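One letter stands for each residue in the lines below.
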Amino acid sequence: MPSLRKARLVGVVAQLGQLLAVLLAVSLLTFILLNALPGSAADARIGPLPNFSPEEREQLLASLSKQMGLDKPLPIQYLIWVKDAANGNFGLNYQGLEVSQVVGDRLGPTIELGVASILLSTIGALIVSLIAYRTRWRVVRGGIQGAVTVLMVMPTFWLGLLLVIVFAAELQWLPSAGFTSISDDFGENLKYLLLPALTLALPQLALFFRYLNAGLRDTSHAAFVTASRARGLTNRGVDYRHVLPNAVLPTITVVGLVAGSLISGLVIVESVFSWPGLGLLLVESVKKKDYNTVASIVLITAVAYVVVAFLVDALYRVLDPRTRRPT
Amino acid sequence: MTGDVAVAGRASFRSAWSWVRSQPTPLVIGVVILIPFLLMAAFPGLLAPHDPFKIEAIPLQPPSGSYLLGTDEVGRDLLSRCIYAARNDLLVSIASAAVAFTLGVALGLFSGYVGRRTDTILMRLVDVLLSFPTIVLALFLITIFGRSMWVQILAIALVMMPSTARFSRGEGLVLRGRGYVEASRISGGSRRHILVRHVLPNAMPTLLVAASVLASSAVLIAASLSYLGLGAQPPEPSWGNMLRSAYGVVFDAPLYGIGPGVCISLVAGAYILIGEGLRRKFRTDRNVGTLGNTVGGV
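On a predicted model such as this, the values are computed, not experimentally measured, just so you know.

Quick notes on the rules
Residues numbered from 1 in each chain as written. Chains lettered and ligands numbered in written order. Predicted model: local features only at pLDDT ≥ 70, side-chain atom pairs only at ≥ 80, totals over all residues. Helix = DSSP H or I, 4+ residues; strand = E, 2+ residues; numbered from the N terminus. Rg over C-alpha atoms; globule rule 2.2 N^0.38 Å. Buried ≥ 20, exposed ≤ 12 C-beta atoms within 10 Å, placed from the backbone. pLDDT = per-residue confidence, 0-100. Contact = placed C-beta atoms within 7 Å. Core = buried A, V, L, I, M, F, W, Y, C linked by C-beta atoms within 7 Å. Axes fitted to C-alpha atoms, helices over the stretch in contact; angles between N-to-C directions. Parallel < 35°, antiparallel > 145°, perpendicular 65-115°, else oblique. Left-handed = near helix turned anticlockwise from the far one by under 90°. Nonpolar A, V, L, I, M, F, W, Y, C, P; charged D, E, K, R; others polar. Expected span 1.5 Å × (residues − 1).

Chemist: Before we go on, may I ask you to explain the overall build of chain A in this structure?
Modeler: Counting secondary structure elements, chain A contains 13 helices and zero strands. Starting at the N terminus, the α and β elements of chain A follow one another as α-α-α-α-α-α-α-α-α-α-α-α-α. Relative to a compact globule of 327 residues, whose C-alpha radius of gyration would be 20 Å, chain A shows 25 Å and is clearly more extended. Over its C-alpha atoms, taken along the principal directions, chain A stretches across nearly 90 × 65 × 35 Å. Put simply, chain A has 327 residues, and 34% of those count as buried.

Chemist: Before we go on, may I ask you to explain the confidence of the model for chain B in this structure?
Modeler: Detailed reading of the predicted model is not advised wherever pLDDT is low. All names here are of chain B. For chain B, mean pLDDT is 82; residues scoring 70 or higher make up 92% of the total. Note that pLDDT drops below 50 for residues 285-298; the model gives that stretch 19 contacts with residues more than four away or on any other chain. The ipTM, which scores confidence in the relative placement of chains, is 0.75 for this predicted complex, and the corresponding pTM is 0.80.

Chemist: Can you help me understand the interface of chain A and chain B in this one?
Modeler: Often, the extent of an interface is quoted as the loss of accessible area on bringing the components together. At the junction of the two partners, chain A supplies 36 residues and chain B supplies 33 residues. Those elements that place two or more of their residues in the side of chain A that touches chain B are α1 (2-35), α7 (156-170), α11 (262-272), α12 (278-287) and α13 (291-319) of chain A. Sort the elements by how many residues they give to the side of chain A that touches chain B and α13 of chain A lands first, with eight residues.

Chemist: Would you explain the nonpolar core in this entry?
Modeler: A general feature of soluble globular proteins is that nonpolar side chains tend to end up buried together. If you look at the biggest cluster of nonpolar residues, it comprises 154 residues, and the most contacted ones within it are V136, A138, I156 and V219 of chain B. The residues contacting I156 of chain B, other than those within four sequence positions of it, are S96, A138, A218, I221 and A222 of chain B.

Chemist: Teacher, can you tell me more about the packing of helix α7 (residues 149-176) of chain B against helix α9 (residues 191-227) of chain B here?
Modeler: Packed helix pairs are specified by the crossing angle of their axes together with the interaxial distance, meaning the distance between the axes. All names here are of chain B. At a minimum axis separation of 10 Å, α7 and α9 run at an interaxial angle of 155°. Considered as vectors, α7 and α9 are oriented roughly antiparallel to each other. Remark: the crossing between α7 and α9 carries right-handed chirality. Residue-level contacts link Q152, I156, V159, M160, T164, F167, S168, E171, G172 and L175 of α7 to V199, N202, A203, T206, L207, A210, L214, S217, A218, I221, A222 and L225 of α9. Grouping the amino acids of the contact of α7 with α9 by side-chain chemistry returns 14 nonpolar, seven polar and one charged.

Chemist: Mind showing me how you'd approach unusual backbone geometry here?
Modeler: Glycine aside, residues mostly have negative phi, and peptide bonds are mostly found in the trans state. Phi is positive for S274 of chain A, which is not a glycine, with a value near 45°. Topologically, S274 of chain A is positioned in the loop between α11 and α12.

Chemist: What exactly am I supposed to notice about helix α4 (residues 74-86) of chain A here?
Modeler: Structurally, the α-helix is built with 3.6 residues per turn, so residues lying three or four positions apart point the same way. Along its 13 residues, α4 of chain A runs 18 Å from first to last C-alpha, staying within 8% of the 18 Å computed at 1.5 Å per residue. The first or second residue beyond α4 of chain A is G88 of chain A, which carries a positive phi of 80°.

Have a look at this one:
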């Protein structure tokens, strides 16, 4: 069916176009906010310079502005900024270091912590929701429901504190904060990783559980489930082969959205456990008013979110044939 | 005479009690949890047993009779600091939720009701705002506009506004097709009249549920910001910055953080319970008395 394939292709192109438009708008908004602040970027770059007379300072400012392209009109500045950002050049931070270098150093630990937490929370949520769904005891189901509700209203940093009290202060099994690079010592790295990953994962687990639980319950009433039971399948067979795959679908979107906006949790958890990732860098830079670094992290995380959301959408299309119909 | 008053008092008490009993349980529990915190925010001086700023005892004491939650790292009473923190935390969360709600609902209902190109453009803008992760955008705004409380409130509000707009837009879309809206339009009601007098009141039950969820996440975001040291500045207490200090002394005083942590969770939980209660309360009488329902879509 060539017409169907063509329609699908047009759909993909349209989606890509929308993605590009949102990316442009995101970068434009970041740029506008960045330029809303008082004083120019050149002013911020050269700092107070006590040894310079006002005239010398003025001269330096003018030459630096010219060099940074700040004498050009704002739309041109925006184009230069976007072009540089697309090439991975985010300018210099307040210490005169390359922002791309500083940010790049923090990416590894952040990705490690993020991936670990998502793995823990998705696997955990699957296990817990299957237990709640399959158990015969109402106490177990009620207990899980209660624990999930508590986790939903617990701020991450308080949960982290409780975990630190139990596992670091009382039991002394795990260190309370710190980091060892994964390439230096894998075992040590894992030790430091466990508490922050758990802190980040538990609230996610609660969220995923709510969707999985609702999915499992809704699917269990579907006609095809009754049909499979009527065909004589065992309870276990029905649950794992028919109910679960269909119940998981809506949760995939939620997992994707959480993965895309993981940085919000990372900001807190990395500060709690002194984990040297992007989130900690963001908080440090906000306190030092390091505009360039903050703006680049804002841009990177927003772009990451848009791209992840796009990929999840695409994945959903692959997994659920019903959404593949060309419109 | 006095007997009459007592009987009347008992009767009114009984009717009040039965009115409370008729409300959805989560709503009652939520309000009961929230009331002490509102009192703490309104009259911290009356409730706090000690001066929250005065250094008056041995630092890092465990909970005791005179210091119910113990003392902090310089010897101030933790319970009193928790009580004084309620004002700042509740003010920031309620104010930012209110701003986010007003802006989001206005934008969303308008967008959903008007539809077509206006809707597309407004919703793409909301999409763009939604692409910025919550805390990251709040931190960005605080970097640019400074650390004052009002910047904090506006930053939290702006961060939560897009999702509210998204949600209310759905309501606007649904209500646009209702019979009474159409009837008002036919009788010459202006767009503003219809939005304010028909769409908004009918969307309110659903929107109030969303507002309570909003207030709950506002509490958590506000606490996160002050935990990061970007909210209320010491010595001014807030639950977030108290938890931050608690981390520094976790090995010496493991119970330090329990008080402020419980406060945050209780307030956030109370809002969610109130929302759940409102949802149950309105679920039954939703759609009742609307023209679209009774006439079957004019």
